[in-house]
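Residues per chain are reported as follows:
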Amino acid sequence: MSLERAFTEAQFEENESFEERRERLHKKIEESIADEAEHLRLEKKLWELDKQNLLRQIKELQEQVTTDKLTQTKNRRGFEEEIGRILKTSEGKIMEKRHVKNKLSFLLLDIDNFKKINDTHGHAAGDEALKRVAEVLKGHAREGDIVSRLGGDEFVVVFSGAEEEDIMEKFFNKDEKKAEIGMDVDVRGRTIKITTSGGLTSYEPGEEIDDTIARADKALYASKKAGRNQITKYSEALEQKES
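Rules behind the numbers
- Along each chain, the written sequence defines residue order, and numbers are assigned to residues from 1.
- Where local features are concerned, this predicted model is filtered to residues with pLDDT of at least 70; where side-chain atom pairs are given and counted, the filter is 80 or more; whole-chain, interface and lining totals use all residues.
- Only hydrogens and water are set aside when side-chain values are computed; all heavy atoms of the structure are taken into account.
- Numbering of helices and strands starts at the N terminus; helices are DSSP runs of H or I of at least 4 residues and strands are runs of E of at least 2.
- Only protein chains enter the area calculation, which uses a 1.4 Å probe; residues under 20% of their type maximum are buried, those over 50% are exposed, and those in between are partly exposed.
- Given a helix with a known number of residues, its expected span is that number minus one, times 1.5 Å.
- We define a polar contact as two N or O atoms separated by no more than 3.5 Å, with the added condition that, inside protein, one atom must be a possible hydrogen donor and the other a possible acceptor, whereas residues neighbouring each other in sequence contribute only through side-chain atom pairs.
- When checking whether two residues touch, look at their non-hydrogen atoms; a contact exists if any pair is within 4.5 Å.
- Here a patch means residues that are over 30% exposed by relative accessible area and free of salt bridges, tied together within 9 Å if like-charged and within 5 Å if nonpolar (Val, Leu, Ile, Met, Phe, Trp, Tyr).
- All accessible areas in this document rest on Shrake-Rupley with a 1.4 Å probe, and a residue is counted as covered only by the protein chains that are shown.
- Should a side-chain nitrogen of Lys or Arg be within 4 Å of a carboxyl oxygen of Asp or Glu, the pair is scored as a salt bridge.

**Q** Could you clarify how one ought to interpret unusual backbone geometry in this entry?
**A** One can expect most non-glycine residues to show negative phi and most peptide bonds to be in trans. Of note, Asn 113 is a non-glycine position whose phi angle comes to about 55°, a positive value. Structurally, Asn 113 can be placed in the loop between strand 1 (104-111) and helix 5 (114-121). Overall, the relative accessible area of 42% leaves Asn 113 in the partly exposed class. Unlike most non-glycine residues, Lys 177 shows phi in positive territory, near 60°. The residue Lys 177 is located in the loop between strand 4 (172-173) and strand 5 (178-179) in this model. Classification of Lys 177 by relative accessible area gives exposed; the value is 68%.

Printed below as a string of structure tokens:
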């Protein structure tokens, strides 16, 4: 209620004294101010709710565009954003000292004979295989690690603060005497054995992530050549074998 309206609605009586009229007007003005204050409070509350809803929608949209729908892991864009946040300060500079203390190890892997799985058992089986691999990788990841499906059947896990030897030990199969990531996948009542091949390397402070991924890819290729179903740690010896 505006002050002008308060004057209009005061409705003075002809026989009222000046003091009575002033008291009536004063009361109407107080009511008007209270109404305006309540109106402003409600408007502010509505604005805050709209802002919260907008921020929630923005967050949901951000998660949608950075998350692989099938596996619920980070997609390539999400991976690039996450690794960018880890590697850079607010000024956009590489935190050299941080990564001396907080080593980053990259495990790149794909599903062995994935095309054959799709061709033999159908795309539903391929989808289940992707979801199962993602589930296993997320089960081994800790807070601060990144699990991402880069595309197709290729995944990457970034282990923060973990040495390569620790990761090899994590996936080491004593019976097979090698590091590996294998699992069973149930598809329409049938159990399918899934194996993966992986390559492991560490990020070198200051280098491009593409260079890190390239080394992991060479180690992955070595796993394929050695018969699949294993994880190979990158070494300079792999470069010599290729040359």
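Read on, since the account is not over.
**Q** Can you walk me through helix 8 (residues 209-225) in this structure?
**A** Residues three or four positions apart in an α-helix share a direction because the helix packs 3.6 residues into each turn. Compared with an ideal rise of 1.5 Å per residue, which puts 17 residues at 24 Å, helix 8 spans 24 Å between its outermost C-alpha atoms and is within 8% of the ideal. At the exit of helix 8 stands Gly 227, carrying a positive phi of roughly 115°.

**Q** Hey, could you run me through the side chain of Ser 197 in this one?
**A** Within the secondary structure, Ser 197 sits in strand 7 (residues 190-202). Within the local environment of Ser 197, its side chain forms a polar contact with the backbone nitrogen of Asn 229, the two atoms lying 3.3 Å apart. For Ser 197, the residues in contact, after removing those within four places along its chain, are Leu 108, Leu 109, Asp 110, Asp 112, Leu 220, Ser 223, Lys 224, Arg 228, Asn 229 and Gln 230.

**Q** Before we go on, may I ask you to explain a nonpolar patch on the surface in this structure?
**A** Together, Leu 54, Leu 55 and Ile 58 make up a nonpolar patch on the protein surface, roughly 270 Å² of accessible area in all. In this fold, Leu 54 is placed in helix 2 (residues 18-66).

**Q** Would you mind showing me how to read the pattern of salt bridges here?
**A** A side chain with one charge may pair with a side chain of the opposite charge, provided their charged atoms come close. For the structure shown, the criterion picks out 14 salt bridges. Taking the shortest distance from any N to any O, the salt bridge between Glu 81 and Arg 77 comes out at 3.4 Å. Taken as a pair, Glu 81 and Arg 77 lie in helix 3 (residues 76-87) at a separation of four residues, close to a single helical turn. In this structure Arg 77 comes out as partly exposed when scored by relative accessible area, which is 47%. Of the charged contacts in the structure, one is a salt bridge between Glu 163 and Lys 103, with a shortest N-O distance of 3.0 Å. Taken together, the residues span a long stretch of sequence, with Glu 163 in the loop between strand 3 (154-160) and helix 7 (164-170) and Lys 103 in the loop between helix 4 (96-101) and strand 1 at a distance of 60 residues. With relative accessibility at 35%, the residue Glu 163 sits in the partly exposed group.

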